[in-house]
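Single-letter residue listing:
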Amino acid sequence: MTTIDQGLRRDSAFKLFVHHQTFIRHLLRAYPLLGIDEREVVAIDAGNANLVAPHGQGQRLADAVWRLTLADGEIAYLLIECQAEIDPSMPFRMLHAAAGMYLILSQNPPRGSGYAASLVPRVKHLIIYSGKRPWTAAGEVEQAIRARSLQEERDIPRMECPLLELWRCPDPGGEENLAVLLGRLQRCDSPAALRAAAEPLKRWPKSESQGALGRAFAAWVSEVLVPDLGVPDAVRSYDLREVLDMLETESLTWADRMRAEGERKLLLRQARIRFGEALARSLAARLEGIADADRLEEIGEWLLVCDSGDALLARLGQH
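Residue positions are given per chain, counting from 1 as you read along its sequence in written order. Local features in this predicted model are restricted to residues whose pLDDT is 70 or higher, and side-chain atom pairs enter the listing and the counts only when it is 80 or higher, whereas totals over whole chains, interfaces and linings include all residues. As a rule here, side-chain values cover all heavy atoms of the structure and leave hydrogens and water aside.

## Details of the packing of helix α12 (residues 293-305) against helix α13 (residues 309-318)
Applicable threshold: Comment: axis = line fitted to C-alpha atoms, over the contacting stretch for helices; angle = value between 0 and 180 degrees taken between N-to-C directions. We count a stretch as a helix when DSSP gives it H or I for four or more residues in a row; a strand needs E for two or more, and each element gets its number in order from the N terminus. Handedness of each helix crossing follows the sense of rotation of the near helix against the far helix: counterclockwise by less than a right angle gives left-handed, clockwise gives right-handed. Contact criterion: two residues are considered in contact whenever any of their non-hydrogen atoms come within 4.5 Å of each other. Gly counts as polar in this scheme, as do all residues outside two lists: the nonpolar Ala, Val, Leu, Ile, Met, Phe, Trp, Tyr, Cys and Pro, and the charged Asp, Glu, Lys and Arg.
Two elements in contact, α12 and α13, have axes whose closest approach is 9 Å; the angle formed by their N-to-C orientations is 145°. Considering only the axes of α12 and α13, their crossing is right-handed. The residues of α13 that touch α12, namely those facing Ile 299, Trp 302, Leu 303 and Val 305, are Leu 312, Arg 315 and Leu 316. Partitioning the contact of α12 with α13 into residue classes produces six nonpolar, no polar and one charged.

Spelled out as structure tokens, the structure:
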């Protein structure tokens, strides 16, 4: 699978979460990054992430748009963008999304609560980043604009870009919050850790495990987390109970596969250093079908004693 394919699979799996109302409430409760107290939110309603701007111009505002109604009647809109890779242009993308949303609200302000074309609701935005590398894009729009003096440049837009990094976000503890559980699953570095982190999902009622959030967790574990741990050919499913069973029954197989994959990568690095890139490519094709880690270790010994790449390939052909 190419890097692009992996990114698309990760993005599509993650977006299943941000389209679910319950997950959004848990997200606001666990990570109050937006200056909104979740206890004050009395209603969360889905918005249209593909709103049509004035003059008939279509645009995708964000991966998800939510309308939050607060206890005092105030309305706030939440734009969520999911990222699997670092994007230096993200501050400008979020500025564009927020500005587009404000323009749309000005053209069609919400009814009630005193909103009008000249007085629109707040637009909040959040980037959720699932990549492993630390996020390096600017955290404020003005940080991405070169100017002699920001204090003197009054025309430079100022807007923070709140970020939630799943690999580095704090863990408030507990097992009930779905957003906390998602980050905990993302940070697993072994099949054993993944099985332990997924334990709370086993206690979900059948109706919940088969619902939208159950399918989202099943896709995230089987399509993203398991391949990230080096098992690209594991079962992929939207059935949460099937995925949890797989985590239990495949433990020994996972360990063997991961050991073999490590041996294979080491062999190819050594072959590339000793005999060059062309030999390494030929060797990679021969090793692809070998899943026995002990067998791969034996081939590693041959690599040390063979005088040439041809001799190594010849010996492989004899066994």
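## Let's talk about the pattern of salt bridges
The cut-off we apply is this: Salt bridges are counted wherever a side-chain nitrogen of Lys or Arg sits within 4 Å of a carboxyl oxygen of Asp or Glu. The buried label goes to any residue with under 20% of its type's maximum accessible area, the exposed label to any with over 50%, and the partly exposed label to all in between, with areas taken from a 1.4 Å probe on protein chains only.
Summed over the entire model, instances satisfying the criterion amount to 15 salt bridges. Its salt-bridge partner being Glu 38, residue Arg 25 comes within 2.7 Å of it at the nearest N-O pair. Within this pair, whereas Arg 25 is found in helix α2 (residues 21-30), its partner Glu 38 is found in the loop between α2 and β1 (41-46), the two being separated by 13 residues in sequence. Arg 168 is the salt-bridge partner of Glu 165, the closest N and O atoms lying 3.1 Å from each other. Its relative accessible area of 40% is what places Arg 168 among the partly exposed residues.

## Digging into the environment of Pro 162
Here Pro 162 shows up in the loop between β4 (122-129) and β5 (163-165). You can call Pro 162 buried: its relative accessible area is 18%.

## Looking at the side chain of Thr 69
Positionally, Thr 69 belongs in strand β2 (residues 64-70). Using a relative accessible area of 19% as the deciding quantity, one classes Thr 69 as buried. Those residues in contact with Thr 69, other than ones at most four positions away along the chain, are Glu 40, Val 41, Val 42, Ala 43, Asp 45 and Glu 74.

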